[in-house]
Amino acid sequence: MLYKERPISSLTNIISTVNIKLGRVLLYGFVLVMLGSGCKSPASELQELDLMSDGIPIKIKAPVGAKVKKKDMGLFQDITIKDGEGFYIQITAGQLYNSNAKVRKTEELEAIKQLISFSRIIKEDEQGFIFERKKGDELTYDFRRIKIQGETEYLFQTGLVGNFDLESVELMYDAVK
């Protein structure tokens, strides 16, 4: 005999092993293709939104199709930008009382720390901060950011209605930088 015969069961095991390895390779390849092409971060879904058409000389980032509403409240203007439940920004534009944004941020921070629902500061920079609040047993997040432009102060925060997770608040905070 020139070659050694293998039993059929050994051949079946070899084919089975090759099929399992090939299946794994195909599965891993499929997963990598899906991860690489189909997943976008929430921040990549935002586009520049110029609020000048609403009389506010500010540009922020917002989801495509976000709804902008403006109310004139006499001494200040109230602007909301909303898209679904996870993106809701409120901007209050009013007369400038202190031209130092750092001082205004500190004043806002001290006022927030006095709230009964205040829990802790998550992130802070020169113009604003993200903080955690406790509503009963539930944790929710909010932010404040101050921008001074000319004789107008802009206060950015989450919408007044709703509970927001940290990821949504970080996205909104970055959208108003």
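Residues numbered from 1 in each chain as written. Predicted model: local features only at pLDDT ≥ 70, side-chain atom pairs only at ≥ 80, totals over all residues. Heavy atoms only, no water.

This paragraph deals with the nonpolar core. For soluble globular proteins, the rule of thumb is that nonpolar side chains tend to be buried together. Within the largest apolar cluster, 27 residues are counted, with the highest numbers of intra-cluster contacts made by Ile60, Ile81, Phe87, Ile91, Phe143 and Phe156. For this core, the secondary-structure elements that each account for two or more residues are β1 (46-50), β2 (59-63), β4 (76-83), β5 (87-95), β8 (138-149), β9 (152-158) and α3 (166-175). Other than its neighbours up to four places away in sequence, Ile91 contacts Leu51, Gln77, Asp78, Ile79, Ile81, Tyr154, Leu155 and Phe156. (Core = buried A, V, L, I, M, F, W, Y, C linked by side-chain atoms within 4.5 Å. Buried < 20%, exposed > 50% of the residue type's maximum accessible area, 1.4 Å probe, protein only. Helix = DSSP H or I, 4+ residues; strand = E, 2+ residues; numbered from the N terminus. Contact = heavy atoms within 4.5 Å.)

Right, let's get into the sheet that holds β4. The strand order across the open sheet built from seven strands is β3-β4-β5-β9-β8-β7-β6, with neighbouring strands paired in antiparallel fashion. Whereas interior strands pair on both sides, the edge strands pair on one side only; in this sheet they are β3 (67-72) and β6 (118-124). Averaged over neighbouring strand pairs, the angle between their axes works out to 20° when direction is ignored. Strand direction decides the pairing type here: β6 and strand β7 (residues 128-135), joined by five bridges, are antiparallel. Counted as the bridge partner of Phe118 is Arg133 from β7. Helix-sheet contacts for α3 involve β5, β6, β7, β8 and β9, and the interaxial angle to β8 is about 5°. (Pairing = 2+ DSSP bridges. Axes fitted to C-alpha atoms, helices over the stretch in contact; angles between N-to-C directions.)

Take the side chain of Arg104 next. With respect to the helices, strands and loops of the structure, Arg104 is situated in helix α2 (residues 101-113). Classification of Arg104 as buried rests on a relative accessible area of 13%. Within polar-contact distance, the side chain of Arg104 engages the side chain of Glu107 at 2.9 Å. In this structure Arg104 touches Asn98, Ile146 and Glu153, once residues within four positions along its chain are discounted. (Polar contact = N/O pair within 3.5 Å; in protein donor to acceptor, adjacent residues only side chain to side chain.)

As a further point, take the confidence of the model for the chain. This prediction gives the chain a mean pLDDT of 83; 75% of its residues lie at or above 70. Between residues 29-41, whose pLDDT stays under 50, and residues either more than four places distant or in other chains, the model counts three contacts. (pLDDT = per-residue confidence, 0-100.)

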